[in-house]
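# Structural features, examined
Each chain, written out:
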Amino acid sequence: MRILSGIQPSGVLHIGNYFGMMRPAIELQKEGETFYFIADYHALTSVRNPEALRENSRQVALDFLACGLDPERAALFRQSDVPQVTELAWILSTVAPMGLLERAHSYKDKLARGLASTVGLFSYPVLMAADILIYDSDAVPVGKDQKQHIEITRDLAVKVNETFGQVFKLPEPRINPDTQVVPGLDGQKMSKSYGNNIDIFGDEKETRKRVMSIVTDSTPVEAPKDPERSTIIQLYSLFASKDELADMRERFKKGGTGYGDFKKELFEKLWEYFSPMRKRREEILRDKSYIDKVLARGAKRANGIADQVMERVRTAVGLR
Ligand code: ADP
Ligand code: TRP
């Protein structure tokens, strides 16, 4: 089985990225051949600062490796080190119905957030489909917000197969039911663009401050509190054992503990959870050339497959 996913280097990675995409991707390393890339072409739809793009791309590689991506098993590479994807995106765009892309939620959401409505932003899902199809991917681990993009990928693969014969495999999304949407400080989906994020490798003071600023209602300390819709409980469930979670839920219902104390417990658990990864991150940083070496090796493996698939595609459509 071939597993593939990508993440945009458009900012610092947060715990929504970790539980929604990175951890499932890392766990899947045991199940098959894994390909993970830094979607720098995609990030160009929002990042207009070349230094920031370069720096973020390295940071994403560093953070992914620190979190447990094993470069002996998984190929980690930059999307732009396989420029054939842009050729495939063009070919796919010639069969992509406008209406299909016009229905994409993420495009509409991005416009609503004030991003410029460029052709690149509109055809973002076509490039994403090319990313997935160019590696004959079977499974794509992503958070729930990317589900529609995988559906679009399947639609485009079917269109090509119907028009030109059997060219592409149909990929399946892998969405972890326990961590479909990680809430941010305000209870909405955690996202770097909403400013409600808790970063995986934020510094201690800032991380504590952010946890302490989780929005709660005004239930007084002594009163019972509702654990059901609490952001504190939802985030705590990501880090705590079953018993610890049950215990916190009981103390919510009992009353007598303020939200501030629960937040402190959440911070402690979160900080401890990422402690081995912070250590690993420090180690990686000591070897200046490590990340470049990993990315170069990953790009080579990715190119090997992309070249083969592209020859198949070019022949099927008549470019060879
Ligand atoms: P952001 O919304 O912060 O810009 P991205 O769109 O770059 O995040 O998402 C990268 C990956 O992380 C995607 O697979 C996405 O589904 C996942 N992801 C992002 N935010 C969350 C979240 N709050 N909960 C679960 N998964 C998430
Ligand atoms: N669109 C994804 C995101 O915003 C990133 C991405 C680009 C991706 N190409 C992909 C994810 C291919 C999975 C497969 O998170």
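Owing to the predicted nature of the structure, the values given are computational and were not obtained by experimental measurement. (Residues numbered from 1 in each chain as written. Chains lettered and ligands numbered in written order. Predicted model: local features only at pLDDT ≥ 70, side-chain atom pairs only at ≥ 80, totals over all residues. Heavy atoms only, no water.)

Formed by 53 residues in total, the largest nonpolar core has its most connected members in Ile 15, Ile 200 and Phe 274. Sort the elements by how many residues they give to this core and helix α1 (residues 15-27) lands first, with 7 residues. Beyond its immediate sequence surroundings of up to four residues, Ile 15 is in contact with Val 182, Met 190, Ile 198, Asp 199, Ile 200, Leu 235, Phe 239, Leu 270 and Phe 274. The next biggest cluster of nonpolar side chains, apart from the first, holds 46 residues, and it includes Ile 134, Val 160, Val 167 and Val 309. (Core = buried A, V, L, I, M, F, W, Y, C linked by side-chain atoms within 4.5 Å. Buried < 20%, exposed > 50% of the residue type's maximum accessible area, 1.4 Å probe, protein only. Helix = DSSP H or I, 4+ residues; strand = E, 2+ residues; numbered from the N terminus. Contact = heavy atoms within 4.5 Å.)

So, about the site of ligand 1. The environment of ligand 1 is made up of 18 residues, and the closest members are His 14, Asp 145, Val 182, Ser 191 and Lys 192. Contacts to ligand 1 include Gly 16, whose backbone N or O atom sits 3.3 Å from a nitrogen atom. Contact between ligand 1 and Ser 191: an oxygen atom at 2.9 Å from a side-chain N or O atom of the residue. In the complex, 92% of the free accessible area of ligand 1, which totals 530 Å², lies under the protein chains. For ligand 1, the cavity whose grid points lie within 2 Å of the majority of its atoms is the largest pocket. It is α1 that provides the largest number of residues to the shell around ligand 1, a total of 4 residues. (Near = heavy atom within 4 Å. Polar contact = N/O pair within 3.5 Å; in protein donor to acceptor, adjacent residues only side chain to side chain. Areas by Shrake-Rupley, 256 points an atom, 1.4 Å probe, with all protein chains shown as cover. 1 Å grid on protein atoms, 1.4 Å probe; cavity = no way out; pocket = protein on both sides within 12 Å on 5 of 7 lines; lining within 4 Å. Sits in = over half its atoms within 2 Å of the grid points.)

The computed volume of the largest pocket comes to approximately 1,200 Å³. Together, 45 residues line the largest pocket, and Gln 8, Tyr 124, Asp 145, Gln 146 and Lys 189 are the ones closest to its centre. Looking at the lining of the largest pocket, the elements that each hand over two or more residues are β1 (2-7), α1, α6 (105-112), α8 (124-133) and α9 (147-164). Split by residue class, the lining of the largest pocket holds 15 nonpolar, 21 polar and 9 charged. (Points joined across faces, edges and corners; volume = space filled by probe spheres on them. Nonpolar A, V, L, I, M, F, W, Y, C, P; charged D, E, K, R; others polar.)

In this structure the tally under the stated criterion is 16 aromatic pairs. Members of the aromatic cluster, joined through ring pairs, are Tyr 18, Phe 19, Phe 239, Tyr 273 and Phe 274. Sitting over the ring of Tyr 124, Lys 110 keeps its end group 3.8 Å from the ring centre. Across the ring face of Tyr 259, the terminal group of Lys 225 is positioned such that the distance to the ring centre comes to 5.7 Å. (Phe/Tyr/Trp six-rings, centres within 6.5 Å; stacked < 30°, edge-to-face > 60°. Lys NZ or Arg CZ within 6 Å of the ring centre and 35° of its normal.)

In the vicinity of ligand 2, 14 residues are found, and the nearest of them are Gln 8, Tyr 124, Met 128, Asp 131 and Gln 146. For ligand 2, an oxygen atom lies 3.2 Å from a polar atom in the side chain of Gln 8. Gln 146 places a side-chain nitrogen or oxygen 3.0 Å from a nitrogen atom of ligand 2. Burial of ligand 2 by the surrounding chains reaches 91%, relative to a free accessible area of 370 Å². According to the grid-proximity analysis, the pocket containing ligand 2 is the largest pocket. Per element, the largest residue contribution to the shell around ligand 2 is 4 residues, and it comes from α8. Per-class residue counts for the shell around ligand 2 are 8 nonpolar, 5 polar and 1 charged.

Domain annotation for the protein chain reports domain 1 (2-180 + 289-317) and domain 2 (202-273). The centre of domain 1, based on its C-alpha atoms, is set 34 Å off from the matching centre of domain 2. Tallying the contact residues gives 5 residues for domain 1 and 5 residues for domain 2. Both sides of the domain 1 and domain 2 interface together cover about 400 Å² of buried area, and 78% of this is carbon and sulfur. Among the residues of domain 1 in contact with domain 2, Ile 15, Tyr 18 and Phe 19 are the three that bury the most area, contributing 80% of the side total. Seen at the junction of domain 1 and domain 2, the total is 0 salt bridges. Tallied by class, residues from the side of domain 1 that touches domain 2 come to 3 nonpolar, 1 polar and 1 charged. (Domains from an automatic or database assignment. Buried area = accessible area lost by both parts, 1.4 Å probe. Salt bridge = Lys/Arg side-chain N within 4 Å of Asp/Glu carboxyl O.)

A word on the side chain of Gln 84. Assignment of secondary structure puts Gln 84 in helix α4 (residues 84-93). A distance of 3.0 Å separates polar atoms of two side chains, one belonging to Gln 84 and the other to Asn 303. When sequence neighbours within four positions are dropped, the list of residues in contact with Gln 84 reads Ile 134, Asn 303, Ala 306, Asp 307 and Met 310.

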